[in-house]
Amino acid sequence: MRVRIALNLKNIEYEYLEQNYAVKSELLLQSNPVYKKVPVLIHNDQPICESLIIVHYIDEVFMSDPSLLPSDPFDRAVTHLWATYIDDKWYGALFEVMIGQTDEEKGGVRGLPTQRFCSNAVVKDLMPETEKLMEFAKMLISG
Ligand SMILES: N[C@@H](CCC(=O)N[C@@H](CS)C(=O)NCC(=O)O)C(=O)O
């Protein structure tokens, strides 16, 4: 998602290949032998792995506006901190909210910032259906 948003923001055309996590493709295993995870960006026949690294790569290679990362080193560091925070803390909390049973437990995903994010032009076509996301969350939580 993060990588596709970055590509959309830069208005870069790409081919998206859906991955089956239960039966990983040869292309994925060859492209990311270390983690065997998506996303992987294949550019000029070279695979780039890890979403944050890919976003940096996109920003450096495709110089068109908008710039994705701040040019000031301190601002870049702060951006990096929060992106890492989202990976480490936020996703887990989001999944717990998504599989919550009560309205209160599910409340977090219905907030206004989330709705605004999901309705943004570069994001809205990428958002998976809620049912699909919930299945994925349950799969991750069950290990
Ligand atoms: N730190 C990695 C995390 C990648 C990740 O967790 N990818 C998930 C999908 S969002 C995946 O490939 N899951 C399949 C698996 O863990 O086998 C990144 O930001 O790229």
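Report on the accompanying structure.

Thresholds, definitions, all that
- Residues numbered from 1 in each chain as written.
- Predicted model: local features only at pLDDT ≥ 70, side-chain atom pairs only at ≥ 80, totals over all residues.
- Helix = DSSP H or I, 4+ residues; strand = E, 2+ residues; numbered from the N terminus.
- Buried ≥ 20, exposed ≤ 12 C-beta atoms within 10 Å, placed from the backbone.
- Contact = placed C-beta atoms within 7 Å.
- Pairing = 2+ DSSP bridges.
- Axes fitted to C-alpha atoms, helices over the stretch in contact; angles between N-to-C directions.
- Parallel < 35°, antiparallel > 145°, perpendicular 65-115°, else oblique.
- Left-handed = near helix turned anticlockwise from the far one by under 90°.
- Nonpolar A, V, L, I, M, F, W, Y, C, P; charged D, E, K, R; others polar.
- Near = placed C-beta within 6 Å.
- Arc of directions from axis to C-beta.
- Core = buried A, V, L, I, M, F, W, Y, C linked by C-beta atoms within 7 Å.

This next bit is on the overall build of the chain. Scanning the chain from N- to C-terminus turns up seven helices and two strands. Written out in order from the N terminus, the α and β elements of the chain read α-α-β-β-α-α-α-α-α. Among the 143 residues that make up the chain, the fraction classed as buried is 8%. Within the chain, contacts between residues at least 6 apart in sequence are counted, and of these 44% link residues at least 24 apart.

Looking along a regular strand, one sees side chains alternate from face to face of the sheet. Relative to strand β2 (residues 46–49), strand β1 (residues 40–43) runs antiparallel, the two sharing four bridges. Each bridged residue has a counterpart across the sheet, and for I42 the counterpart in β2 is P47. From the end of β1 to the start of β2, which pair antiparallel, there are two residues, and N44 there has a positive phi angle of about 55 degrees.

Moving on: the environment of R76. Examined against the element boundaries, R76 turns out to sit in helix α4 (residues 73–98). With residues up to four places along the chain from it excluded, the contact list for R76 reads L69 and P70.

A word on the packing of helix α1 (residues 2–9) against helix α3 (residues 51–61). Think of two packed helices as two axes; the pair is described by the angle between the axes and how far apart they sit. Here α1 crosses α3 at 15 degrees, and the two axes come no closer than 9 Å. As judged from the angle between their axes, α1 and α3 are roughly parallel. Helix-helix and strand crossings are classified by hand; for α1 and α3 the assignment is right-handed. Of the residues in α3, those in contact with R2, V3, A6 and L7 of α1 are S51, I54, V55 and I58. Tallied by class, residues from the contact of α1 with α3 come to six nonpolar, one polar and one charged.

With that settled, the discussion passes to the site of the ligand. Contacts to the ligand come from Y21, K37, V38, P39, E50, S51 and D87. Of the residues that constitute the shell around the ligand, the class distribution is three nonpolar, one polar and three charged.

In this section: α1. Turning to α1, its buried residues number three or more, namely V3, A6, L7 and L9. For α1, the arc enclosing every buried residue in end-on projection is 160 degrees, short of the 170-degree limit, so these residues lie on one face. At its buried positions, α1 is contacted by β1 and α3. Just downstream of α1 lies N11, where phi reads positive at about 60 degrees.

With that settled, the discussion passes to the nonpolar core. If you look at the biggest cluster of nonpolar residues, it comprises 11 residues: V3, A6, L7, L9, L28, V40, L41, I48, I54, V55 and I58. For this core, the secondary-structure elements that each account for two or more residues are α1, β1 and α3. No other element matches α1, which puts four residues into this core. Not counting chain neighbours up to four residues away, the residues in contact with L9 comprise P66, L68 and V122.

A few words now on the environment of T79. By secondary structure assignment, the location of T79 is in helix α4. Residue T79 is classed as partly exposed on the basis of its C-beta count, with 16 C-beta atoms lying within 10 Å. Sequence separation of T79 and L69 is 10 residues, and the distance between their C-alpha atoms is 7.5 Å. The residues touching T79, leaving out its near neighbours within four places in the chain, are L69 and P70.

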